[in-house]
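# Remarks on the overall topology
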Amino acid sequence: MQPKFSAALDRPLILLSNREPYEHVHRPNGIEVRFPAGGLVSALDPILRRTHGTWVAWASGNADRTVADDVGRVMVPPGDPSYTLRRVWLSESDVEGFYLGFANSALWPLCHLFVSKVDIRRNDWESYERANRMFASAVVQEAERVGGAPMVWVHDYHFALAPALVRPQVPDALIHQFWHIPFPPPDVFGILPVGVQHSLLRGLLGNDLVEFQTDGFAWNFMDCVARTLPDAQVSLDQGVVHLDGRQTRIGAFPISIDVAEWQRLAALPHTVDVCRSLRQRYAPRDRQLVVSVDRMDYTKGIERRLRALEHMWTDSPERRGTFTMLIVATPSRTDIQAYAKLERDVLEKIERLNDEFRTLDWTPIVLVHENVDADLLAAVYCAADVCVVSSLQDGMNLVAKEFIACRTDRNGVLVLSRFAGASDELGAALLVNPFFIDAFADTLAVALDMPRHERVERMTILRDRVANATIDDWLDAMLSAAEATDQATDRAAEGGAATL
């Protein structure tokens, strides 16, 4: 289907993200091109191809410099070059301070309300500032190269300072930013040093439009601005912030998935074969299969999921042997101490539970602790009787939507945390509070015992919801809002009303 947002891309497009869409790595037989996993890359790559735009990102491949020019530019995709990838080189100390440090040891836990894991260090903040200046400089250089008045689309929490750095150097640019993760309320945001709070908020208000996953996160942001920046004028009902003679619009744009692609993967003969094999191995006869798919991250609630399973098998021994828990947990940020500890704790807990509850023909928990391709994930989703998403805090969580998209049989039950952004859209799931272990176990029991007619009824509602809010709809909504913001700014400059 042809996307609907052509009018929003009249300007040259420059996209800024931490992750690059193509990564070059040295292999024994030469240089190999890798495509980093993730729905965002697959969603945005076609737009860059179609518009012949520019993607600015961190050069993470060990052969990236070999194939790029002196500035860091390389045409992509390989074999069909249609847009420019502008790579930014980070030193090991930059990665340590900017990425592993402030971005993922301070901002990430802060935004996910894990205040005990927030680690703020002056050197990390300085590295974050320096990296944002580097990336902003690259964006400015690319804007000068392409000419005109570009649309600069910034992604995520790595670049909170970049919009305000780009703004004065490219005054005619339309700048907007999608903040993928939660945004914390003022009391939590206030944990940051006052100067850091001001810098982050003013940096984000360098945008013409800031996009969040949910209304709640958008309101949190505006509340933080109202309480932190006394010279800002905030209109919560209109979603507008005025500061320093400029207007920034704030909105909610829940991200989604390529529904058609996940349905295609689910229908592949290989997927069907793997699905059948998974059920034969882990759910023979009347046994059920419960699955979860996460990064190994403390925000995903993996430990509490294990506690709920232990509670169920201890208090309801008749449940033992009736289902197998398949946990797909891909490695993540193992250079950060909190993640390394989580990995150790989860592995030890699974080993202990298996030792305690296993029987001759049943292993309670199966862990897949490696990166898994999308086609195998589709098979896991198709094989499941129940899919559990137990995030303790999540911007959206696309696993829930991937599971729904794959269930073309309209079967299967989704157990979904109330603290995942997806719960705002997917009310037909069984919503659960993962902090309440007894209730978590009870909800899992309800899912396992749910009759087929109710499973079909709930899944039908969920599938209709996801089918009507795809990744293309997300892109269309944001880029159309950016276009409307642009037009409103033009009218204001001509003396008209600056409203949407």
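All values reported here derive from a predicted model rather than from experimental measurement.

Bridge count between strand S2 (residues 23–27) and strand S3 (residues 30–34): 5 bridges; the pairing is antiparallel. The residue bridging Val-25 from the neighbouring strand is Glu-32, located in S3. Remark: 2 residues form the turn of the hairpin made by S2 and S3, two consecutive strands paired antiparallel.

All right, on to the state of the cysteines then. Summed over all chains, the structure comprises 0 disulfides. Considering cysteine sulfurs only, Cys-224 is the nearest to Cys-111, which forms no disulfide, with 9.1 Å between them. Exposure remark for Cys-224: the relative accessible area of 0% places this residue in the buried category.

Right, let's talk about the packing of aromatic side chains for a bit. A full pass over the atoms with the stated rule returns 25 aromatic pairs. Centroid distance Phe-98 to Tyr-128: 5.9 Å. Interplanar angle 40 degrees. Geometry classified as tilted. Of this pair, Phe-98 sits in helix H3 (residues 92–111) while Tyr-128 sits in helix H4 (residues 122–146), and the two are 30 residues apart along the sequence. Take Phe-98 and Tyr-128: they sit in the same class, and that class is buried. Ring pairing ties together the aromatic residues Phe-98, Phe-102, Trp-125, Tyr-128, Phe-135 and Phe-159, which thus form one cluster. It is Lys-117 that lies over the ring of Tyr-298; its NZ or CZ is 5.0 Å from the centre.

Our focus in this paragraph is unusual backbone geometry. In this structure, the amide linkage connecting Val-76 to the following residue, Pro-77, adopts the cis form with an omega of -5 degrees. A positive phi angle is found at His-52, which is not glycine, with a value near 55 degrees. A residue is classified by how much of its surface remains accessible, and His-52, at 57% relative accessible area, is exposed. A positive phi angle, close to 55 degrees, is found at Asp-244, a residue other than glycine. Note that Asp-244 resides in the loop between strand S11 (240–243) and strand S12 (246–252).

Before going further, it helps to examine the environment of Glu-310. With respect to the helices, strands and loops of the structure, Glu-310 is situated in helix H11 (residues 302–315). Beyond its immediate chain neighbours, meaning those up to four positions away, Glu-310 contacts Lys-349, Arg-352, Leu-353, Glu-356 and Phe-357. Engagement of the side chain of Glu-310 in a polar contact is seen with the side chain of Lys-349, the distance being 2.7 Å.

Spatial ordering of the open sheet is given by S15-S14-S13-S16-S17-S18, a layout of 6 strands whose pairing is parallel. In the strand order of this sheet, the two ends are held by strand S15 (365–368) and strand S18 (430–432), each with one partner. Recorded for the sheet is a direction-independent mean angle of 20 degrees between the axes of neighbouring strands. Judged from the 3 bridges that link them, strand S17 (residues 413–417) and S18 form a sheet pairing that is parallel. By the bridge assignment, Leu-416 is partnered in S18 with Leu-431. Across the sheet, helix H13 (residues 374–383) lies against strand S13 (288–295) and strand S14 (323–330), angled at about 145 degrees from S13, the strand it touches most. Against the sheet, helix H14 (residues 399–406) makes contact with S13, strand S16 (386–389) and S17, and its axis sits at roughly 170 degrees relative to S17, the strand it touches most.

Turning our eyes to something else, we now look at the sheet that holds strand S1 (residues 13–16). Sheet architecture is open: 10 strands sit in the order S5-S6-S4-S1-S7-S8-S9-S12-S11-S10, paired in mixed fashion. Every interior strand has two partners, whereas the edge strands, strand S5 (73–76) and strand S10 (233–235), have only one. Recorded for the sheet is a direction-independent mean angle of 20 degrees between the axes of neighbouring strands. Pairing geometry for S10 and S11, over 3 bridges, is antiparallel. In the sheet register, Gln-233 faces S11, and the bridge partner there is His-242. Strands S1, strand S4 (54–58), S5, strand S6 (83–88) and strand S7 (151–155) of the sheet are contacted by H4, whose axis makes an angle of about 160 degrees with S4.

Conventions adopted
Residues numbered from 1 in each chain as written. Predicted model: local features only at pLDDT ≥ 70, side-chain atom pairs only at ≥ 80, totals over all residues. Heavy atoms only, no water. Pairing = 2+ DSSP bridges. Helix = DSSP H or I, 4+ residues; strand = E, 2+ residues; numbered from the N terminus. Disulfide = S-S within 2.5 Å. Buried < 20%, exposed > 50% of the residue type's maximum accessible area, 1.4 Å probe, protein only. Phe/Tyr/Trp six-rings, centres within 6.5 Å; stacked < 30°, edge-to-face > 60°. Lys NZ or Arg CZ within 6 Å of the ring centre and 35° of its normal. Contact = heavy atoms within 4.5 Å. Polar contact = N/O pair within 3.5 Å; in protein donor to acceptor, adjacent residues only side chain to side chain. Axes fitted to C-alpha atoms, helices over the stretch in contact; angles between N-to-C directions.

Keep in mind that these numbers describe shape and distance, not what the molecule does.
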